[in-house]
Amino acid sequence: SKPDAGRTTGGAAAGVSGVEAAATTAAVSGSAARDASSAVVTGPPAKGARDLVCTLLPELLPPLIKDLTEWTVAQRLCAARSMLTTLVLAGEGATGHLNTLIPALCSAIGDESTEVASYVIQGVHVTGAS
């Protein structure tokens, strides 16, 4: 079963869930906004969402990077999804943090969970395209 969207469990998930939910809701259309897992992105993030995430990157990245190395797959998966969302929203703003991001993303690409690795690879692609 899915955890409640409003429930926080600590770590990066708690720090990012509000931003992730707001950004996802802003970037989706119609009924997809009710269920972020079925969200259909209709275009680039709104300028306000991008600016907010860029401002918060120094606070968002350390817990996300830490959670990418946690021992439970569920926590690493949550961190990888949150990292991808954060990188999508930050866009070019993430390039100022490459010294921190590159080592963390390179390590996480080799995750034993292919799902975690897949989200990390998508994050690398998003960052490289910015």
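Data block above holds the structure.
As the structure is a computational prediction, the values presented were derived from the model and not from experiment.

A. Summary view of the overall build of the protein. Looking only at helices and strands, the protein features five helices and zero strands. The helix and strand sequence of the protein, counted from the amino end, reads α-α-α-α-α. Within the protein, the proportion of its 130 residues that are buried is 35%. Across the protein, every contact between residues at least 6 apart in sequence was considered, and the portion connecting residues at least 24 apart equals 61%. Just so you have it, the protein exposes about 7300 Å², and 59% of that area is on carbon and sulfur atoms.

B. Here's a closer look at helix H2 (residues 47–67). The largest bend in H2 amounts to roughly 65 degrees and is located at Leu57, with the proline Pro58 lying one to four residues further along. Looking only at H2, the buried set comprises Ala49, Val53, Leu57, Leu60, Leu61, Leu64, Ile65 and Asp67.

C. Quick peek at helix H3 (residues 73–90). For H3, built from 18 residues, the straight-helix expectation of 26 Å at 1.5 Å per residue is met to within 8% by its first-to-last C-alpha distance of 25 Å. Looking one or two places after H3, you find Gly91, whose phi comes out positive at around 55 degrees.

D. Spatial organisation of a nonpolar patch on the surface. A cluster of nonpolar residues, Ile109, Ile121 and Val124, forms a patch on the protein surface that exposes about 190 Å² of accessible area. Along the polypeptide, Val124 turns up in helix H5 (residues 114–129). The class of Val124 is partly exposed, set by a relative accessible area of 30%.

E. Examining the packing of H3 against H5 more closely. Between H3 and H5, the shortest axis-to-axis distance is 9 Å and the interhelical angle comes to 15 degrees. One way to sum up the angle between H3 and H5 is to call them roughly parallel. Note on packing geometry: the crossing formed by H3 with H5 is left-handed. When H3 is examined against H5, the residues Val73, Arg76, Leu77, Ala80, Arg81, Leu84, Leu87 and Val88 are found in contact with a partner set consisting of Glu115, Val116, Tyr119, Val120, Gln122, Gly123, Val126 and Thr127. Tallied by class, the residues present in the contact of H3 with H5 amount to 10 nonpolar, three polar and three charged.

Analysis parameters
- Residues numbered from 1 in each chain as written.
- Predicted model: local features only at pLDDT ≥ 70, side-chain atom pairs only at ≥ 80, totals over all residues.
- Heavy atoms only, no water.
- Helix = DSSP H or I, 4+ residues; strand = E, 2+ residues; numbered from the N terminus.
- Buried < 20%, exposed > 50% of the residue type's maximum accessible area, 1.4 Å probe, protein only.
- Contact = heavy atoms within 4.5 Å.
- Areas by Shrake-Rupley, 256 points an atom, 1.4 Å probe, with all protein chains shown as cover.
- Bend = angle between axes of the 7 residues up to and from the residue.
- Expected span 1.5 Å × (residues − 1).
- Patch = residues over 30% accessible without salt bridge, like charges linked within 9 Å, V, L, I, M, F, W, Y side chains within 5 Å.
- Salt bridge = Lys/Arg side-chain N within 4 Å of Asp/Glu carboxyl O.
- Axes fitted to C-alpha atoms, helices over the stretch in contact; angles between N-to-C directions.
- Parallel < 35°, antiparallel > 145°, perpendicular 65-115°, else oblique.
- Left-handed = near helix turned anticlockwise from the far one by under 90°.
- Nonpolar A, V, L, I, M, F, W, Y, C, P; charged D, E, K, R; others polar.

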